[in-house]
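Letter by letter, the chains look like this.
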Amino acid sequence: QVQLVESGGGLVQAGGSLRLSCAVSGRTFTNHAMGWFRQAPGKDREFVTAISWTGGTTSYADSVKGRFTISRDNSKNTVSLQMNSLKPEDTAVYYCASSIYRVPSSNSAVYDYWGQGTQVTVSS
């Protein structure tokens, strides 16, 4: 079956950095765009960033643009999220997701497989 397993979350001070990774198994990785979403306590899940099947096209939420970078390694079936200049408002559970399409999208409805999530906590 398809599995997405995130790693790399943790506690960091404001201004610090974290790198999240997501390992995908059970489907042809290169047939699918990948995305990262997050959900803070009491809030709806929101789009963070997504990347096309080749890695050549990316999309970012305005709130993370210039601070976060998504990348993928198709030889290792992994997608990563480098998060710099972290802010307390970045605190959330971060989920990676695999899209039914090859192009990136901010619409969670086009992602059919999701990881279990990894907690990111940014202290002020």
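This text goes with the structure placed above it.
Computed from a predicted model, the values in this text were never measured in an experiment.

Visitor: Can you lay out the pattern of salt bridges for me, pointing to particular residues and giving the numbers?
Guide: In total, this model carries 5 salt bridges according to the counting rule given. The partner of Arg27 in a salt bridge is Asp112, and the shortest N-O contact between them spans 2.9 Å. Highlighted residues: Arg27 in the loop between strand E3 (18–25) and strand E4 (34–39) and Asp112 in strand E10 (residues 111–114), separated in sequence by 85 residues. Look at Arg27 and you get buried, because its relative accessible area is 18%. Residue Asp112 is classed as partly exposed on the basis of its relative accessible area, which comes to 34%. One salt bridge in this structure joins Arg67 and Asp90, with 2.7 Å as the shortest N-O distance. With Arg67 in the loop between strand E6 (58–60) and strand E7 (68–73) and Asp90 in the loop between strand E8 (78–83) and strand E9 (92–99), the pair connects residues that are 23 residues apart, well separated along the chain. For Arg67, a relative accessible area of 11% gives the class buried. By relative accessible area, Asp90 is classed as buried at 1%. Shared partners join several salt bridges into a network, and the residues in it are Arg38, Glu46, Arg67 and Asp90.

Visitor: An account of the pairing of E7 is requested, with residue identities and associated values reported.
Guide: Residues Phe68, Ile70 and Arg72 of E7 are buried on one face, while the alternating residues Thr69, Ser71 and Asp73, pointing to the opposite face, are not. The sheet contact formed by E7 and E8 spans 6 bridges and is antiparallel. If you follow Ile70 over to E8, its bridge partner there is Leu81. Hairpin remark: E7 followed by E8, antiparallel, with 4 residues in the connecting loop; positive phi at Asn77, about 55 degrees.

Visitor: How would you explain unusual backbone geometry if you had to name every residue and give the values?
Guide: Leaving glycine out, the prevailing phi sign among residues is negative, and the prevailing peptide bond configuration is trans. Of note, Asn77 is a non-glycine position whose phi angle comes to about 55 degrees, a positive value. One can find Asn77 in the loop between E7 and E8. Relative accessible area serves as the criterion here: at 25%, Asn77 is assigned to the partly exposed category. The residue Ser85 is not glycine, and still its phi comes out positive at about 50 degrees. Secondary-structure assignment places Ser85 in the loop between E8 and E9.

Each value, and the rule that gives it
- Residues numbered from 1 in each chain as written.
- Predicted model: local features only at pLDDT ≥ 70, side-chain atom pairs only at ≥ 80, totals over all residues.
- Heavy atoms only, no water.
- Salt bridge = Lys/Arg side-chain N within 4 Å of Asp/Glu carboxyl O.
- Helix = DSSP H or I, 4+ residues; strand = E, 2+ residues; numbered from the N terminus.
- Buried < 20%, exposed > 50% of the residue type's maximum accessible area, 1.4 Å probe, protein only.
- Pairing = 2+ DSSP bridges.

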